[in-house]
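Summary of the model geometry
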Amino acid sequence: ATIPQFLEPGQRSKPGDLAVVLLARDSYEPLILEHSTGAVDGYAEGATLNTRFGSFPHSTLLDIPWGSQVRASAVDTGSRGRKRRRDDSGDDASTPALEDTEGTATPTSAPAKKAVTASSGFIHILRPSPELWTYSLPHRTQVVYTPDYSYILNRIRARPGTRIIEAGAGSGSFTHASVRAVYNGAPKSDDDRKGKVFSFEFNEARFRKMEEEVESHSLKDFVSIKHRDVYKEGFLVDGKSPMASAVFLDLPAPWKAIRHLSRRRPQDMEQDPNDDSEWVSPLDPRKTAMICTFSPCIEQVIQTVSDLRKLGWVEVDMVEVSNRRLVSQRDRIGSYLPKEKGANPNPADVTEALSKLREVNQKTREFTRIKANRGEEGQNDQMDVDGSNSEREPNANNKLDESSTEKSWMQGRLVHRPEAELKSHTSYLVFATLPPEWSEEDEAAAFAKWPCGN
Ligand code: SAM
């Protein structure tokens, strides 16, 4: 079996790898790295990533440690005399048409451009992880975000070796998180029962896209993806049981699917009169099964809970994950200088606020001038190497800070505010447990082992 690059990407980037490109704070794009020696799409350098921060031939992104910062290159697009546009300075002879390729991670979609003469920015090349994939994946549906899936995977006891059933696959956010949770190394043979995700999706376009992604992330041995309406056809794979012990359902009507997860045929389930085959459960009969369903409406929860109980599931409970990221910052409301140094004790003093505003404006002007001198304009929303944003927060290397004598406690009271936008889809999570199969023989065997059994 192949080593899944998504789960074991090694120390350095190589051709064929999935990388996550960090363009600016909270701006990520997935990229499959290509090894190319010859010209591709008119680029003399071969495959090239075009961003609003400049052009990056893949050759500059290969064989570098994950996490590296890469500067933009002057690339030869080999298309002199083709499409041009005027830049802000009015010089139409030196500007690449980057507006046309903004946010585009694939070189194939890049329009013809004139050669870039100066590099203008940088990116970071990050190793793939479920968290970064969730941030950067092409959304086909609502997805399950990290705060939810980390909690869910913990509650359904997903660990190396676990076999998980998942439906619907949607955009594959949960699939990628769950395969990492259950991965316990490459299996030695096809029959080797190691951790695996059995994923089902009934929308054909989404199913095809998932198939492609599973293949290109070398996850084929660890994720089985089937095109299926699970309400009608259940969860068997080629007529066989996936032998799962954990289930996650992100479906509009999960109660229609849980009927297929029973250990025995549900009493009210119709059977084809010509079909006398035995009921095959998709669950491992020797293991406790854990389930989680993900539903945005309480009506869906009520129906799911009712059906889980009827089908013998126990320990049914519901949770809502309410994720909050707290932003911690200094807030200047009034003076923090001691009284004896002439501070105005009135926290809402207008004169002081105006003088502070003037000071900030002057610092900003000076800072912009320093940056312009360094030729770094045009990257205002890019981060500095230390992760800070130099435009908004001059850092320790900046001349402005050196001239400042203000202690951090003077810069305002430390306050914590919740982030305005929450990257978490608020849904209700229903959890339940199905005890293992227990037969007369099991009872007798257990009784025989009991010291006072005879
Ligand atoms: N959990 C996914 C993720 O993290 O990316 C998102 C799932 S999305 C909200 C729900 C998916 O369920 C859709 O892609 C939809 O096509 C699929 N679906 C709905 N009914 C289905 C059914 N009966 N059988 C299989 N898939 C179904």
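My aim in this report is to walk through the structure given alongside it, one point at a time.

About the cut-offs
Residues numbered from 1 in each chain as written. Predicted model: local features only at pLDDT ≥ 70, side-chain atom pairs only at ≥ 80, totals over all residues. Heavy atoms only, no water. Pairing = 2+ DSSP bridges. Helix = DSSP H or I, 4+ residues; strand = E, 2+ residues; numbered from the N terminus. Axes fitted to C-alpha atoms, helices over the stretch in contact; angles between N-to-C directions. Buried < 20%, exposed > 50% of the residue type's maximum accessible area, 1.4 Å probe, protein only. Near = heavy atom within 4 Å. Polar contact = N/O pair within 3.5 Å; in protein donor to acceptor, adjacent residues only side chain to side chain. Areas by Shrake-Rupley, 256 points an atom, 1.4 Å probe, with all protein chains shown as cover. Nonpolar A, V, L, I, M, F, W, Y, C, P; charged D, E, K, R; others polar. Patch = residues over 30% accessible without salt bridge, like charges linked within 9 Å, V, L, I, M, F, W, Y side chains within 5 Å. Salt bridge = Lys/Arg side-chain N within 4 Å of Asp/Glu carboxyl O. Contact = heavy atoms within 4.5 Å. Phe/Tyr/Trp six-rings, centres within 6.5 Å; stacked < 30°, edge-to-face > 60°. Lys NZ or Arg CZ within 6 Å of the ring centre and 35° of its normal. Parallel < 35°, antiparallel > 145°, perpendicular 65-115°, else oblique. Left-handed = near helix turned anticlockwise from the far one by under 90°.

Quick look at the sheet that holds strand E6 (residues 122-126)
Across the sheet, which stays open at both edges, the four strands sit in the order E2-E1-E6-E5 with antiparallel pairing between neighbours. The sheet terminates laterally at strand E2 (27-32) and strand E5 (69-71), the two strands that pair on one side only. The mean angle between the axes of side-by-side strands here comes to 35°, regardless of whether they run parallel or antiparallel. Sheet topology note: the E5/E6 ladder contains three bridges and is antiparallel. The residue bridging Gln69 from the neighbouring strand is His124, located in E6.

A short note on helix H3 (residues 173-182)
Each full turn of the α-helix corresponds to 3.6 residues, which orients residues three or four apart in the same direction. A large share of H3 lies buried, amounting to nine of its ten residues. Turning to H3, its buried residues number three or more, namely Ser173, Phe174, Thr175, His176, Ala177, Ser178, Val179, Ala181 and Val182.

Re the site of the ligand
Looking at the ligand, there are 22 residues lining it, with Glu201, Arg206, Asp229, Val230 and Asp250 nearest. One nitrogen or oxygen atom from the side chain of Glu201 is found 2.5 Å from an oxygen atom belonging to the ligand. Separating a nitrogen atom of the ligand from a backbone N or O atom of Arg228 is a distance of 3.3 Å. Out of a free accessible area of 600 Å², the ligand has 92% covered by protein chains. Of all the secondary structure elements, the ones that give two or more residues to the shell around the ligand are H3 and helix H5 (230-233). Of the residues in the shell around the ligand, the class split is nine nonpolar, eight polar and five charged.

A closer look at a nonpolar patch on the surface
On the surface, Ile298, Ile302 and Met318 cluster together to form a nonpolar patch covering roughly 270 Å² of accessible area. Along the chain, Ile298 turns up in helix H7 (residues 298-310). When its relative accessible area of 37% is taken as the criterion, Ile298 is described as partly exposed.

Concerning the sheet that holds strand E11 (residues 289-295)
Sheet architecture is open: seven strands sit in the order E9-E8-E7-E10-E11-E15-E12, paired in mixed fashion. With one partner strand each, in any of the chains shown, strand E9 (223-227) and strand E12 (314-320) form the two edges of the open sheet. Adjacent strand axes in the sheet meet at a mean angle of 15° when their direction is disregarded. With respect to the sheet, helix H2 (residues 146-155) is in contact with strand E7 (163-167), strand E10 (246-249), E11, E12 and strand E15 (428-434), its orientation differing from that of E15 by roughly 10°. On top of the sheet, helix H4 (residues 204-216) reaches strand E8 (196-201) and E9; it is set at about 160° to E9, its chief contact.

Quick look at the environment of Arg325
Checked against the element boundaries, Arg325 lands in the loop between E12 and strand E13 (326-331). Look at Arg325 and you get partly exposed, because its relative accessible area is 42%. Sequence-wise, Arg325 and Arg417 are 92 residues apart; in three dimensions their C-alpha atoms are separated by 8.4 Å.

Some thoughts on the packing of aromatic side chains
Each aromatic ring pair is characterised by the separation of its centres together with the angle its planes make. Per the stated rule, a full pass over the model turns up six aromatic pairs. Note on Tyr151 and Phe431: the rings are 5.7 Å apart at their centroids and 80° apart in plane angle, and the pair reads as edge-to-face. Of the two residues, Tyr151 sits in helix H2 while Phe431 sits in strand E15, which places them 280 residues apart along the sequence. A residue is classified by how much of its surface remains accessible, and Tyr151, at 26% relative accessible area, is partly exposed. Taken together through their ring pairs, the aromatic side chains of Phe174, Phe248 and Phe294 make up a single cluster. For the cation-ring pair, Arg155 lies above Phe431, with the distance from its terminal atom to the ring centre recorded as 4.1 Å.

A few points about the packing of H2 against H3
Contact geometry of H2 with H3 gives a least axis separation of 10 Å together with a crossing angle of 45°. As the angle between them shows, H2 and H3 are arranged oblique. When the axes of H2 and H3 are compared, the crossing they make is right-handed. Contact residues: H2 offers Tyr149, Ile152 and Leu153, while H3 offers Ser173, Phe174, Ala177, Ser178 and Ala181. In terms of residue class, the contact of H2 with H3 is made up of six nonpolar, two polar and no charged.

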